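Chain and residue survey
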Amino acid sequence: MRIVGGSLRGRNLASPSGLTTRPTGDRVREAIFNILNHASWMPQGHLDGAQVMDVFAGTGAMGLEAISQGAAHAVFIERDHAAAKCCQLNIDTFKVGDCSLLMKFDALHPVPRPLYIEPRNLVFLDPPYGKNMGEQTLKALQTKGWLAENAVCVLEMAKKQPENSISGFKQHDERDYGVARVRFLEFVGLETPENEKGDTKI
C-alpha cells in the first residue's frame, strides 16, 4: 500500500500483520479522492485546508492521503493497539505529526470534541463490515460535536449490507468497488420538532 496522490505520493504505508485491519486499497482510495476533488457538491470545492477525521483509521491511509492532497489537519481514531501503533508509525515516518493527532477511543462512544480541535468538515469511516456501525458512529460523532456544518462523510460498507437512510445526512453519491460500497454523505443537521423550537404563538 502507498499514498496515491499529492506531496507524499508513492510513499509506502506500513500495515499491521493479520486480518484485523482491512485497509482501503490503493485503487479504491484513488477513486474516492478523484470524486472528492471534482464533485460539484463538495462544499469547499477541493481538499485544500480541510479538517479531516479518519475513523476506524487502521493504518491511517485515508487521513494521510488527505494530508498529502492538501488537508490542513487530520484526527485519527483507532482503539486497536496494533493498528494504532502502525498508524502512529506512518504519521512519524511521513513527518506529519504537526498536522496530525491520533486518539484512542471507541468510535461508537466518542469523547466530546476538545475545544482546541476544530470541527471536522471531511470524515472517513471504514467500520467492520456487516455490523451497521457506520450509522451509529455518525450519529455519535454529531452528538459529541465533532462534525462541522455541511461536513462531507465518506462511509465504506459491505455492498451486500442493507442500506438505510441516515437521519441528518444527505447522500450525494455512492459507488461500488468489489465487495465494498462507498457512500458520500453530507451532514445537514437534525430537524427540531415544532414543539421544541421555542416559538411562542399568541
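Structure shown above.
Residues numbered from 1 in each chain as written. Predicted model: local features only at pLDDT ≥ 70, side-chain atom pairs only at ≥ 80, totals over all residues. Heavy atoms only, no water.

**A short note on helix α3 (residues 81-93)**
Formally: In this description a helix means any DSSP run of H or I spanning at least four residues, a strand means any run of E spanning at least two, and both kinds are numbered starting from the N terminus. A helix's residues, less one, multiplied by 1.5 Å, set its expected span. Each residue's exposure class comes from its accessible area (1.4 Å probe, protein chains only) as a fraction of the maximum for that residue type: buried when under 20%, exposed when over 50%, partly exposed otherwise. Directions from the helix axis toward the C-beta atoms define the arc. In this description, contact between two residues means that some pair of their heavy atoms is separated by no more than 4.5 Å.
Over its 13 residues, α3 extends 18 Å from the first C-alpha to the last, a length consistent with the 18 Å expected when each residue adds 1.5 Å. Listing the buried residues of α3 in full gives A83, A84, C86, C87, N90 and I91. The buried residues of α3 occupy one face: seen down the axis, they fall within an arc of 160 degrees. Exposed residues pointing more than 90 degrees away from the buried face of α3 are listed as H81 and K85. Buried residues along α3 sit against α2 (61-68), β2 (73-77) and β3 (100-103). Just downstream of α3 lies K95, where phi reads positive at about 60 degrees.

**A short note on the pattern of salt bridges**
For clarity, the threshold we go by: Salt bridge, as used here, is a side-chain nitrogen of Lys or Arg placed within 4 Å of a carboxyl oxygen of Asp or Glu.
Within this structure, the stated rule accounts for seven salt bridges. R29 is paired through a salt bridge with D26; the nearest N and O atoms lie 2.6 Å apart. In this pair, R29 and D26 both sit in helix α1 (residues 26-38), three residues apart, roughly one turn of the helix. Taking relative accessible area as the criterion, D26 reaches 23% and is therefore assigned partly exposed. Note that E174 and R181 form a salt bridge whose closest N and O atoms lie 3.9 Å from each other.

**Observations concerning the pairing of strand β7 (residues 180-187)**
For the record, the criterion: At least two bridges found by DSSP between two strands is the condition for calling them paired.
For β7, the buried fraction is high: eight of the eight residues fall into the buried class. The two faces of β7 match: A180, V182, F184 and E186 on one face and R181, R183, L185 and F187 on the other face are all buried. Alignment of strand β5 (residues 147-158) against β7, held across seven bridges, turns out to be antiparallel. Across the sheet, the residue bridging to M157 is R181, located in β7. Summarising the sheet, strand β6 (residues 169-177) and β7 pair through eight bridges and their orientation is antiparallel. Looking across to β7, one finds that D173 is bridged to F184.

**Here we look at unusual backbone geometry**
Peptide bonds are mostly trans, and most non-glycine residues show a negative phi. Phi is positive for K95, close to 60 degrees, though the residue is something other than glycine. Looking at the element boundaries, K95 is found in the loop between α3 and β3.

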